[in-house]
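One letter stands for each residue in the lines below.
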Amino acid sequence: MKKITLEKITLREGFWKNRSNLLSEEIIPYQWDTLNNRTRDVPLSYAVENFRIAAGESEGTPEGTIFQDSDVAKWIEAASYSLMTHPDEAMEKNIDELIRLIAKSQHENGYLNTFFTAKGIDQRWTDLVMGHEMYCAGHLIEAAVAYFQATGKRKLLDVMSKYADLIVVEFGPEEGMIHSYDGHPEIELALYRLSEATGNEKYEDLADYFINIRGTVKNYYNGVAAKEGMIPKSRWFESDYYLAHKPVREMSEVTGHAVRAVYLFAGMADQYYKTREPQIWETLTNLWDNLENKRVYITGAIGSQSHGERFTVDYDLPADRGYTETCASIGLVFWAWRMSLIDADSKYADMIERALYNGVLSGISLDGKGYFYVNPLEVKTEIAQYRHDLEHVKTHRVGWLDCACCPTNVARLIGSVAGYIYSTHEDSLYIHQFAASSVKTEVGGQEITLEQTTQYPWSGRVSLKLSMNESRKMKFFIRKPSWCDNLSISVGGLKIKDYSIVKGYILLERIWNDSDEIRLDLEMAVRYMQSNTKVHDNVGKVAITYGPLVYCFEEFDNGSELQELVLDTNGNAEIIPGDLEPSPSVNLVLDGFRKKNGNDALYHSLEEPLVEKVKIKAIPYFQWGNRAKDQEMRVWLRYK
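Everything numeric here is computed off the predicted structure, so don't read it as measured data.

Before going further, it helps to examine the pairing of strand β15 (residues 505-512). Across 8 bridges, the pairing between strand β11 (residues 472-479) and β15 is antiparallel. From the neighbouring strand, M474 faces β15, where its bridge partner is R510. The sheet contact formed by strand β14 (residues 500-502) and β15 spans 3 bridges and is antiparallel. The partner of I501 across the bridge, within β15, is I506. The antiparallel hairpin formed by β14 and β15 contains 2 residues in its connecting segment, where K503 sits at a positive phi of about 50 degrees.

A few words now on the nonpolar core. With 219 residues, the main nonpolar core has F265 and W335 as its most contacted residues. The leading source of residues in this core is helix α12 (residues 326-342), at 12 residues.

The N-to-C vectors of helix α4 (residues 89-105) and helix α6 (residues 133-151) enclose an angle of 140 degrees; their axes lie 13 Å apart at closest approach. As summarised for this structure, α4 and α6 are arranged oblique, according to the angle between their axes. In terms of crossing hand, the pair formed by α4 and α6 is left-handed. When α4 is examined against α6, the residues E92, I95, D96, I99 and I102 are found in contact with a partner set consisting of L140, Y147 and T151. For the contact of α4 with α6, the per-class residue count stands at 5 nonpolar, 1 polar and 2 charged.

A few words now on the packing of aromatic side chains. Taken as a whole and judged by the stated rule, the model has 28 aromatic pairs. Ring geometry for W32 against W75: centres 4.7 Å apart, planes inclined by 25 degrees, an arrangement best described as stacked. Remark: W75 occurs in helix α3 (residues 69-85) and W32 occurs in helix α1 (residues 15-35); sequence separation between them is 43 residues. W75 carries the same exposure label as W32, and that label is buried. Ring centres of W288 and Y348 lie 4.9 Å apart, and the angle between their planes is 70 degrees; this geometry places the pair in the edge-to-face category. Of the two residues, W288 sits in helix α11 (residues 278-294) while Y348 sits in helix α13 (residues 346-360), which places them 60 residues apart along the sequence. For W288, a relative accessible area of 0% corresponds to the buried category. Taking the relative accessible area as the measure of exposure, Y348 reaches 1% and is therefore buried. Among the aromatic residues, those joined into a ring-pair cluster are F15, W16, Y357, F434, Y456, W458, W483 and F622. Lying over the aromatic face of F15, R19 brings its terminal NZ or CZ to 3.9 Å of the ring centre.

The rules behind each value
Residues numbered from 1 in each chain as written. Predicted model: local features only at pLDDT ≥ 70, side-chain atom pairs only at ≥ 80, totals over all residues. Heavy atoms only, no water. Pairing = 2+ DSSP bridges. Helix = DSSP H or I, 4+ residues; strand = E, 2+ residues; numbered from the N terminus. Core = buried A, V, L, I, M, F, W, Y, C linked by side-chain atoms within 4.5 Å. Buried < 20%, exposed > 50% of the residue type's maximum accessible area, 1.4 Å probe, protein only. Axes fitted to C-alpha atoms, helices over the stretch in contact; angles between N-to-C directions. Parallel < 35°, antiparallel > 145°, perpendicular 65-115°, else oblique. Left-handed = near helix turned anticlockwise from the far one by under 90°. Contact = heavy atoms within 4.5 Å. Nonpolar A, V, L, I, M, F, W, Y, C, P; charged D, E, K, R; others polar. Phe/Tyr/Trp six-rings, centres within 6.5 Å; stacked < 30°, edge-to-face > 60°. Lys NZ or Arg CZ within 6 Å of the ring centre and 35° of its normal.

Here it is as structure tokens:
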């Protein structure tokens, strides 16, 4: 399977085009101001100032997190994608000036890191567990590749190639080299991208080395091999926290820090795509099965414990206190996409869809200027604002964060989302995601253009119109979403009934002509979803989905004490226009009850509750918290 580069895909008017416009017009300028400490009433970033200090153009020492360089890198990557669709001379000049600072910050040997420049680069690689040096390097490499692809300018690519060359000569199996790896995977993904962009195989060889050595030797901390429990002294931060508890080929459960985990697995998928080593694929599929069936939230969020930002055990998916970091859902998209390029099974594209529309988009406000780090599935405001074990849960989005990895990460994903819609394989075109768009690519030796028209995710009606110079036999594989029980499909106005489904994709194979049009109607219905009863928090409750969207219930619509609401799963479910998204967004009104005690005592004998019939309103989960701050919210409700 081959991915299709971004310049060959154009978003058309619709859901993702709206967000692409928002990225260019609001998100990137806002983040640029914030990275430059110009946004009021938010935590200071220091990210750009740190490079001014490292370049010798400003006084002081770097501030912020030790991985603050990565915020700049992800912003450059997001801005680069935006330039492909929204050329902006002023923004491009800002990027070029920032690249000038980055280049000036680079040491003669190629090393580049603002914090260790201040500390002294002789201290480089002395804290590979938590120092994030190669994590930052990886994000800067990905930024360099994206900017080169967007503009053709090589300056940052050359800077980062020089840095990668240093890492190549300092890390490896040979005597005198460092036999170790970064505690936070990311460099692996970046090196594969750099190898592809430059044609230099030494970079992917180094990525292979970092994956293969992981978990076979102790990592470095303060210049010595790290010991169990050293970083810090807690069972939650032992070697499994940074995915070094065993060699990667022996892993069978997703564990540890959620972002580190899915970044590593994405890198392993890149490795398999290149090497086709059976053991790597067996490991990846085992890990995927463990996550998909036991360790992921219905929203595509992952990481159920705040302490260590990590996975815990099977079925431990608490709604109110899970960590569910935005970056973790983004990393899950990266991993799932790479899996789908290897194995065209719709379960991977289904997971991308689930995470994108729910776990990722919940992390950013509809105006692009507010962010969640943590995306809970239940908020009781006064409790969340008081309890120590809910300290990580915010009851409203904030303008920036002290640890601001998520805002720039969600920006770069929005900027690159078109790249997840289509792929090709020999004489086949795959349609993985439904989004108003067009793609120009080669299938079976012929250039074709396919234009997709849809109001997805609000409607399941999709039109695919083909343009080509001559008739040709080809295959179209169109994902049948896991949530869709019924569909109809037609070509040229004639209904098709004898299509086959291959690994969750509708296969249409025939001789295609210019102007042929495929029409797909995916039946969207309100679905009451249960979780496995081993997820003890959800027993006796249901969540509501409509198409790819998970819905939630807010105090704004339903009053406080949402725990008193009970859904009538045999009642009516009315679909009404939404009031937050550009038309035609969808809200739901459901039959239900409010059940509460007639006795005000804290404890009392069992008695029949007071029951009031009510209409319960639901909105898409990603929209919650956009109409009022500090509101109660729930995804899971009791049902009758």
